[in-house]
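Residue-level listing of the chains:
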Amino acid sequence: MTENQPLRPSLRDALRQMLALLESERQALAALDLDSILDCSDGKLELCEAIESQAQDALDEECRGLLDAVARLNEINRKIRNLIAANVDARLGSLTGRISLYGTGRPSVAREMPYYA
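Remember, it's a predicted structure, so these values are computed and weren't measured experimentally.

The next subject is the side chain of N77. By the secondary structure assignment, N77 is in helix α3 (residues 61-96). Those residues in contact with N77 that sit more than four places away from it in its chain are L22, E25, R26 and L29.

Okay, here's the thing in structure tokens:
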């Protein structure tokens, strides 16, 4: 291996690192720590590249299990991110007086437009 070539983690190590990173992301989401969330996002992109570069190799049982755990944890974190985003959107809407398009505060169309026969 040359000195210019970075040391690539094995697929198993990359998946374990991804699990740890997703746990850190969950803690950052719980704390609403934007810097940590962004750091985790960058780390996930780097690890995804490492995992994809080795995805051609046949996966053994342990790697399949790790990959399944990574996918489930990433899905949980995605749902948490979406809940936070919806909460922020609702709060901003209430502060600005914006009416939600799909919420209960939306006036009915019948009241908005007069009917002419």
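So much for the structure itself; the text now carries on.
Here we take up α3. Between its first and last C-alpha, α3 extends 52 Å over 36 residues, near the 52 Å set by a 1.5 Å rise per residue. All buried positions along α3 are accounted for by C63, L66, V70, L73, N77 and G93. Buried residues along α3 sit against α1 (11-31).

Taken together, D35, D39, D42, E46, E49 and E52 make up a surface patch of like negative charges. One can find D39 in helix α2 (residues 34-53). Judged by its relative accessible area of 51%, D39 falls in the exposed class.

Rules behind the numbers
Residues numbered from 1 in each chain as written. Predicted model: local features only at pLDDT ≥ 70, side-chain atom pairs only at ≥ 80, totals over all residues. Heavy atoms only, no water. Helix = DSSP H or I, 4+ residues; strand = E, 2+ residues; numbered from the N terminus. Contact = heavy atoms within 4.5 Å. Expected span 1.5 Å × (residues − 1). Buried < 20%, exposed > 50% of the residue type's maximum accessible area, 1.4 Å probe, protein only. Patch = residues over 30% accessible without salt bridge, like charges linked within 9 Å, V, L, I, M, F, W, Y side chains within 5 Å. Areas by Shrake-Rupley, 256 points an atom, 1.4 Å probe, with all protein chains shown as cover. Salt bridge = Lys/Arg side-chain N within 4 Å of Asp/Glu carboxyl O. Lys, Arg positive; Asp, Glu negative; His and termini not counted. Charge placed at Lys NZ, Arg CZ, Asp CG, Glu CD.

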